[in-house]
Every structure is written in C-alpha cells, then in structure tokens.
Amino acid sequence: MGKKKAWGGRFDGGTDRFVEEFTASIPFDVLLYRQDIAGSIAHARMLGKQKIIPRAEAERIISALEAIRKEIEAGKMSFDMSDEDIHMAVEKRLIQKVGKSGGKLHTGRSRNDQVALDLRLYLRDEIDGILALAGKVKERILLRAGECLGVVMPGYTHVQRAQPVLFSHHLLAYHEMFTRDEERFRDARRRANVSPLGAGALAGTTFPLDRESVARELGMDGLCENSIDAVSDRDFVADFLFACAVAMMHLSRLTEEMVYWSSAEFGFISLPDKLCTGSSIMPQKKNPDVAELIRGKTGRAYGNLVNLLTLMKGLPLSYNRDMQEDKEPVFDSARTVKESLIGAALLLEGMTVNEERMRAACDDGFLTATDLADYLARKGVPFRKAHEITGRIVRFCEEGGKRLKDLGLKELRSFHAAIGEDVRDAISLSHSVRLRNTRGGTGPATVRRRLEELKKK
Ligand code: ARG
C-alpha cells in the first residue's frame, strides 16, 4: 500500500500500488514544474493581497516556492510515485519547508483549474520557442533564395518535369508555408493565453479571488468566462497539436525533396558529411538521415493530434481523469517540431546547390512546351489549337529522339505557318522563366521583389 495522500481524509488505508502507479502523472508532468510554480506564486500573492490568507504567510509561501524551483532546476528534488502529480509534489515539498501554513496555498483552487493553467502557460512558452526556431528556418530560406537567384530548375507536377522555375522561387514556396505555420501557432497561443484559475474544481469558489490580478501577473490576456468550460476545455491543446501537425507536414515535404534531390539520380543538391550518416555494411553510403527522420517524425505529430481528439471525444463535462492523457502528446509534439526545425535549418544552411545538374535536367523533357503553345497563342492561334499543335510537335520529337531546341525552323513551320525565327527565343529556358512575371510567378523580377518584401518583414 502507498503512503497517505493529501486527499486521504475520506479514505480507509492506502492506495493499491498498481493504482498508484497507473494513475500517477508525475513521471511526465514534472516537465510542468516551472509553470506550476509560477501559477502558485501568482495565486499565493493574490491570496495575501485579498487577505484570504495572512500576508506574511503568503510571503513565506512565495519564497519557499522560489526555493523549490531552484531545487528542481538543480536536480536536487526527488519525486515519488506517491506524489501522484507535479502539483502534489510541489505542495508536499512546500509543506516540508514552511510547515502547516503551506497547506493554505490551495485555498480557492483545485488541481483542475491548476493543471489547465499549467498547460496553457506551458503551451505559451513552447510556442515562443517554436516561433523563434521557425524564424531561423525562414531566415535560412531567404539567404539561400538570395544566393540562388540565377539557378533554374525543372518545376514538377505529378513528379514529371513540367516547367522551368527559379530554385529560389521553389524555396520561397516553403517560406510562405512556414509563415502560415507561424500564424497558426500565434493563433493557438492567443487562445491558450487566458487564465482558468478561479474556476476551482468546476463551479468557481466562495473566496473573494482577484482573478484579473493573477492573470496579469502571469502575462495572460484574459480570463476563462465559464468555470465549467475552464476546467473542461482542451481545444486550445488541439489547436496547438494541429499547428504542430501542419508544420511537420510542411517540413516533411521539404525534407522529402532534400532526400531525393541529394540522390545520385537527381544530384540537385549535396549534403555535407557532418549532416549525414553511413552504413554499417556498404562503405560507400552517405545517407540523408536527418531529412528522413524529420519526414518520419511527422507521424508522431499526426498521431498526437488524433490521440487528443479521440481522448476528448464524447467526454462529459466537466473534468475527467482521462484528460491527464493530454500532456504527453503536447510534450512529444513540441519536442518533435522544435528538433525538426533545428534540423531543417541545418540542412538548408549546409546543402550545396548543384546548378549545372538542375539546368541539365531542364534540357530534357520539353519544359518549354507551354511556352511554344503560348507563342502560337500570341500569334493569334486559339490556345486550344496551339496546345494541340505543340502536342504534335512533342510527339514528333519523341519519335525522333530530339529535343524542342533541336528542331529546325523549317521543321517547326511544317506544323504551323505562324512559327517564325523568333520562336528560338520563345522556347529558351531563360525566356520561359523571365516572362513569368505575374504576381506570385517565377519571373526573376517578381521573385526578387518578393524576396525584398520578405526580407523587410
Ligand atoms: N494530474 C491531473 C491531470 O493531469 C491533475 C488534475 C487531477 N484532478 C483530479 N481531480 N484528480 O489532469
């Protein structure tokens, strides 16, 4: 049987050992210690100011809580399964330090509003960390995009060569995605950053709490307006996990491209040795594991989101112990996103861009066929007709093992009389890219302008 519990008053004897371990969250929620202590300090200060507990006792509680934080940071505090969770562990240590008056800290508070607060504060801190790392990735993208402005690569649809694009334009596509990811995280932060303290177990409390001052001290933007919602709601967690899942989805697309770009078949980029690992049997191997693992870890982020949604589905109001299961998905997704952002920044920084290989890949595969159709359309041929004529030209080339640029003017004119000497230029790679200056297009002038705009932001 386990030790006596803080809630042991109505219980006869101790808790079954299995039950104690099965119900404990201390092995993982210890990660919340900083937020838990910050919340308790704000609560204690308010209890003193409101004269709900004597001011001097509040002061002593606050100093002891600060000392406990230092103990935990120094690895000096030991945790026990019988502590159940971080809230109980901190309270137990507090009472050891200041004596019975430590038991006054929990006046007007329940672990239900306490844990909701801790998790909200934790998410806020993690989001700030994630935003800082995402900013680094975006900086890297801007740097590489700026260096590579002259590099043309095949753009793909269906993984088939489609049209030439600037490599910078391709990189900047990820910049746009990561900007939206940041917005999602900021949005999640805004909804998380309201205080549930004062909700008590579920119904509010009889003590004259000053909820506003606690929220203010904790840097929160508002208060949960319904005590039942305050202890039941975890949609702010779902917001965060969704933001993580989408960010990982984007990172997995970038890293997937890095994996095949760095293959011998593509050879578009090379990754530095220090970011790759070898094979235990094949001496020649250099594998892009970091990119692969970022791609692979996306599964965790999706799993964590589905985990939380499933956990919350159909849960009756208000608090249910099921909700203790909300924390590990959060910890795991936060760590996964942060590590993946660090890895992505390293890859972006370390990769060498092989301009010749990209250009060579543009030479095959009729990448400027659309430009030929556009050329005919500009000469007055209806685009549908121009498309068909160009299709026939491509078939003709394929049968003869030729590229578009290998065809002579006479050959081309046999398909349509509107084709003139100026077609040469029209189907050149540089021309194809240069002309695409619609807003958002791959034309160098447009890409350069967008790059400048993004740098200013
Ligand atoms: N460890 C619990 C959790 O993570 C804290 C809240 C417990 N509340 C309760 N009434 N048992 O959700």
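I'd like to hear about helix H10 (residues 235-261), residue by residue, with values.
The end-to-end C-alpha distance of H10, which contains 27 residues, comes to 39 Å, matching closely the 39 Å that a straight helix rising 1.5 Å per residue would cover. Judged by how many residues are buried, H10 sits mostly within the fold: 20 of 27 residues are covered.

Describe the site of the ligand, with residues and values.
Taken together, Ser25, Asp85, His87, Arg111, Asn112, Val115, Tyr319, Arg321, Gln324 and Lys327 are the residues near the ligand. Residue Asn112 places a side-chain N or O atom 2.9 Å away from a nitrogen atom belonging to the ligand. Burial of the ligand by the protein amounts to 86% of the accessible area it has alone, namely 340 Å². A per-element tally of the shell around the ligand places helix H6 (residues 111-147) first, with three residues. In terms of residue class, the shell around the ligand is built from two nonpolar, four polar and four charged.

Give me empty space enclosed by the protein: which residues, what numbers.
A full pass over the atoms with the stated rule returns one cavity of 30 Å³ or more. Of the volumes computed, that of the largest cavity is approximately 30 Å³. For the lining of the largest cavity, the secondary-structure elements that each account for two or more residues are H6, helix H7 (167-192) and helix H12 (327-350). The element best represented in the lining of the largest cavity is H7, accounting for three residues. Class assignment for the residues of the lining of the largest cavity results in seven nonpolar, no polar and one charged.

Can you lay out the packing of H6 against H10 for me, pointing to particular residues and giving the numbers?
Two elements in contact, H6 and H10, have axes whose closest approach is 11 Å; the angle formed by their N-to-C orientations is 20°. For the element pair H6 / H10, the angle class is roughly parallel. The handedness of the crossing between H6 and H10 comes out as left-handed. Between H6 and H10, the contacting residues are Ala116, Leu119, Arg120, Leu123, Ile127 and Ile130 on the first element and Phe236, Val237 and Phe240 on the second. Taken together, the residues that form the contact of H6 with H10 break down as eight nonpolar, no polar and one charged.

Parameters at a glance
- Counting restarts for each chain: residues are numbered from 1 in the order of the written sequence.
- Confidence filtering applies because this is a predicted model: local features only for residues at pLDDT of at least 70, side-chain atom pairs given and counted only at 80 or more, and all residues used for totals across whole chains, interfaces and linings.
- In computing side-chain properties, one takes all heavy atoms of the structure into account and sets aside hydrogens as well as water.
- The helix and strand labels rest on DSSP assignments: H or I over at least four residues marks a helix, E over at least two residues marks a strand, and numbering proceeds from the N terminus.
- Take the number of residues in a helix, subtract one, and multiply by 1.5 Å to get its expected span.
- Exposure is judged per residue with a 1.4 Å probe applied to protein chains only, and the accessible area is read against the type maximum: over 50% gives exposed, under 20% gives buried, and values in between give partly exposed.
- Working definition: residue near molecule or strand if any one of its non-hydrogen atoms lies within 4 Å of it.
- The term polar contact refers here to a pair of N or O atoms within 3.5 Å; inside protein, the definition further demands a hydrogen-donor-capable atom paired with an acceptor-capable atom, and it admits residues adjacent in sequence only when both atoms are side-chain atoms.
- Residue burial considers only the protein chains on display, and all accessible areas are found by Shrake-Rupley using a 1.4 Å probe.
- In this classification, the charged set is Asp, Glu, Lys and Arg, the nonpolar set is Ala, Val, Leu, Ile, Met, Phe, Trp, Tyr, Cys and Pro, and all remaining amino acids, among them Gly, are polar.
- Grid points spaced at 1 Å and placed over the protein atoms alone form the basis of the search, with a cavity being a set where a 1.4 Å probe fits but cannot get out and a pocket an open set showing protein on both sides within 12 Å along at least five of seven lines. Lining residues have an atom within 4 Å of a point.
- Grid points are joined across faces, edges and corners, and a volume is the space filled by probe spheres set on the points.
- A fitted line through C-alpha atoms represents every axis, and for helices the fit uses only the stretch in contact; the resulting angles, taken between N-to-C directions, go from 0 to 180 degrees.
- Our angle categories are set so that under 35 degrees counts as roughly parallel, over 145 as roughly antiparallel, 65 to 115 as roughly perpendicular, and the remainder as oblique.
- For any pair of crossing helices, the crossing counts as left-handed if the nearer helix is rotated counterclockwise from the farther one by less than a right angle, and right-handed if it is rotated clockwise.
- Note on contacts: a residue pair is in contact if any heavy atoms of the two residues lie within 4.5 Å.

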